Amino acid sequence: MRGRIIKGIGGFYYVDTEDGLYETKARGLFRLEGITPLVGDMCDIDSCDAEKKTGNIINILPRKSALIRPAAANADQAVMIFAVKRPQLSLGLLDRFLINMEKQNLDTIIVFSKVDLDDPERLLDIYSSAGYKVLQISNKTGEGIRELRSLLSGKISVLSGPSGVGKSSLINSLLEDDYAETGELSGKIGRGKNTTRHTEMIRLGEDTFIMDTPGYSSIEVLCDDCSDISNGFREMRPYLGKCRFSGCSHIAEPDCAVKEAMDKGDISGERYNSYMQIYEAVKNRKKY
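How each quantity is defined
Residues numbered from 1 in each chain as written. Predicted model: local features only at pLDDT ≥ 70, side-chain atom pairs only at ≥ 80, totals over all residues. Heavy atoms only, no water. Helix = DSSP H or I, 4+ residues; strand = E, 2+ residues; numbered from the N terminus. Rg over C-alpha atoms; globule rule 2.2 N^0.38 Å. Buried < 20%, exposed > 50% of the residue type's maximum accessible area, 1.4 Å probe, protein only. Areas by Shrake-Rupley, 256 points an atom, 1.4 Å probe, with all protein chains shown as cover. Lys, Arg positive; Asp, Glu negative; His and termini not counted. Charge placed at Lys NZ, Arg CZ, Asp CG, Glu CD. Phe/Tyr/Trp six-rings, centres within 6.5 Å; stacked < 30°, edge-to-face > 60°. Salt bridge = Lys/Arg side-chain N within 4 Å of Asp/Glu carboxyl O. Core = buried A, V, L, I, M, F, W, Y, C linked by side-chain atoms within 4.5 Å. Contact = heavy atoms within 4.5 Å.

### A look at the overall build of the chain
Working step 1: Counting its regular elements, the chain contains 7 helices and 13 strands.
Working step 2: In terms of overall size, the chain behaves like a compact globule, its C-alpha atoms giving a radius of gyration of 21 Å where 288 residues would be expected to give roughly 19 Å.
Working step 3: For the C-alpha atoms alone, the extent of the chain along its principal axes is close to 70 × 45 × 35 Å.
Working step 4: Here the chain holds 288 residues, and the buried ones make up 49% of them.
Working step 5: Just so you have it, the chain exposes about 14,700 Å², and 46% of that area is on carbon and sulfur atoms.
Working step 6: Side chains of the chain carry 39 positive and 42 negative charges; the gap between the two charge centres is 4 Å.

See below:
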C-alpha cells in the first residue's frame, strides 16, 4: 500500500493510506543506507496485520524537499511564527531560521502573532523590504487568520517557531476546533511551555496540510562557511560581488557595497546587526 507519513514517535511511523492509518516501523535497510523517514514522506508499506493496521515501510518515494530542522519532507513552504511580545521577540533567532530556509531553498512566510499586545509595523517594514511575505495575526481577535488560511490553501506548509508564540492556538483557529493542546507562558522566565513534542501533519482541507513542529529557543545556522551567510540575507544579494575586495566579509573592509547599502537605508540596521552576530558565531564555531 502507498500512503503518507503523518507522524513519527519513538521509532514508529503513522502512515495515512486509503485503507486507514497504519502504525509502521522502518526496515533496517534504511538505517544501513543512512535514510531516516520523515513526516511528509510518501512511502510504500507492507501489512503485517491488516486487522490491527500495523506494517513496515519498505520504500520511500523521491522527495521534492527535505528539511533538516524542523525535520520534514515534501513541504511547499515554511510559515515562521514569532510573537511581538510574550515571549520576547528575538530577531537574531528569526534571521537564523530564515538563513536555514534560504539554504534549503524553501520559501518562507513570516507571521507575527499576538499583535493585539503591540504594534508590529517596524517589523513588517524590515522583513517586507527584505523580500518576504509578512502577516500579522491575533488569535484573540482573529486578525489575519483568514488571509493566512488563504496562503496555506492547496499547499503543504511547515509551521515553526519558538515556544509560547501561540502556534497551537493558531492551529485551533485554522481548524476552527480545539485540536492542539495549548500551553501557558512561564511567568518566571517568560518562555513558552512547549506542548508539541513531535512533528505531525494535519489536514486543513482538500490538498491543504500543515506540519505542526516542536517549538525551540535556539537554532544553529546550517552554513559551514562564513561566505554562505550573506547569501542567506535576500536584501544583500544584489550587492554581493560589488565590493572593492573579493571575499569581502562586509564587516571591516573599506568600499563595501553591502555596508554602503546599509548606510543608505536599503538594508536595515537590525538585519545587518544580525548578519554580523551570525557571522561571528559561525567564524568562532568549533571544528570537530
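Text resumes after the structure shown.
### As for the packing of aromatic side chains
In this description, a pair of aromatic rings is defined by centroid distance and the angle of the planes.
Working step 1: Across all of its chains, the model carries 4 aromatic pairs by this definition.
Working step 2: Taking 6.2 Å as the distance between ring centres and 50° as the angle between the ring planes, the aromatic pair formed by Phe 112 and Tyr 127 counts as tilted. A residue pair is termed long-range when its members are at least 10 positions apart, and Phe 112 in strand β9 (residues 108-113) and Tyr 127 in helix α3 (residues 121-129) qualify at 15 residues.
Working step 3: Overall, Phe 112 belongs to the buried group, its relative accessible area being 0%.
Working step 4: Pairing Tyr 275 with Tyr 279 gives two aromatic rings, centres 5.9 Å apart and planes at 50°, and the pair type is tilted. Note that Tyr 275 and Tyr 279 are positioned in helix α7 (residues 269-283) at a spacing of 4 residues, about one turn of the helix.
Working step 5: On the basis of relative accessibility, which here comes to 1%, the residue Tyr 275 falls in the buried class.
Working step 6: A relative accessible area of 15% places Tyr 279 in the buried class.

### Thoughts on the pattern of salt bridges
Working step 1: In total, this model carries 15 salt bridges according to the counting rule given.
Working step 2: For Asp 44, the salt bridge is made with Arg 2, and the minimal N-O distance between the two is 2.7 Å. Residue Asp 44 is found in strand β4 (residues 42-49), and its partner Arg 2 is found in strand β1 (residues 2-9); the two are separated by 42 residues along the sequence.
Working step 3: Between Lys 64 and Asp 76 there is a salt bridge; the shortest N-O distance is 2.6 Å. With a gap of 12 residues between them, Lys 64 in the loop between β5 (54-60) and β6 (66-67) and Asp 76 in the loop between β7 (72-73) and β8 (77-83) connect regions that are remote in the sequence.
Working step 4: Given a relative accessible area of 30%, Asp 76 falls into the partly exposed group.
Working step 5: Beyond isolated ion pairs, a larger network of salt bridges with shared partners links Glu 102, Asp 107, Arg 234 and Arg 237.

### So, the nonpolar core
Soluble, globular proteins show a tendency: their nonpolar side chains are buried together.
Working step 1: Counting residues in hydrophobic clusters, the biggest one holds 44 residues, and the most contacted among them are Ile 57, Leu 94, Ile 110, Phe 112 and Tyr 127.
Working step 2: Looking at which element gives the most residues to this core, the answer is helix α2 (residues 91-103), with 6 residues.
Working step 3: Residues in contact with Ile 110, not counting those within four places in the same chain, are Met 80, Leu 94, Leu 98, Tyr 127, Tyr 132, Lys 133, Val 134 and Leu 135.
Working step 4: Among the nonpolar cores identified, the runner-up in size contains 19 residues, and Cys 256, Ala 257, Val 258 and Ile 267 belong to it.

### Details of helix α5 (residues 167-175)
Working step 1: Among the residues of α5, those classed as buried are Lys 167, Ser 168, Leu 170, Ile 171, Asn 172 and Leu 174.
Working step 2: Against β8, α4 (145-152), β11 (156-160), β12 (200-205) and β13 (208-212) lie the buried residues of α5.
Working step 3: Following α5 by one or two positions, Glu 176 has its phi on the positive side, about 55°.

These figures capture arrangement, not role.
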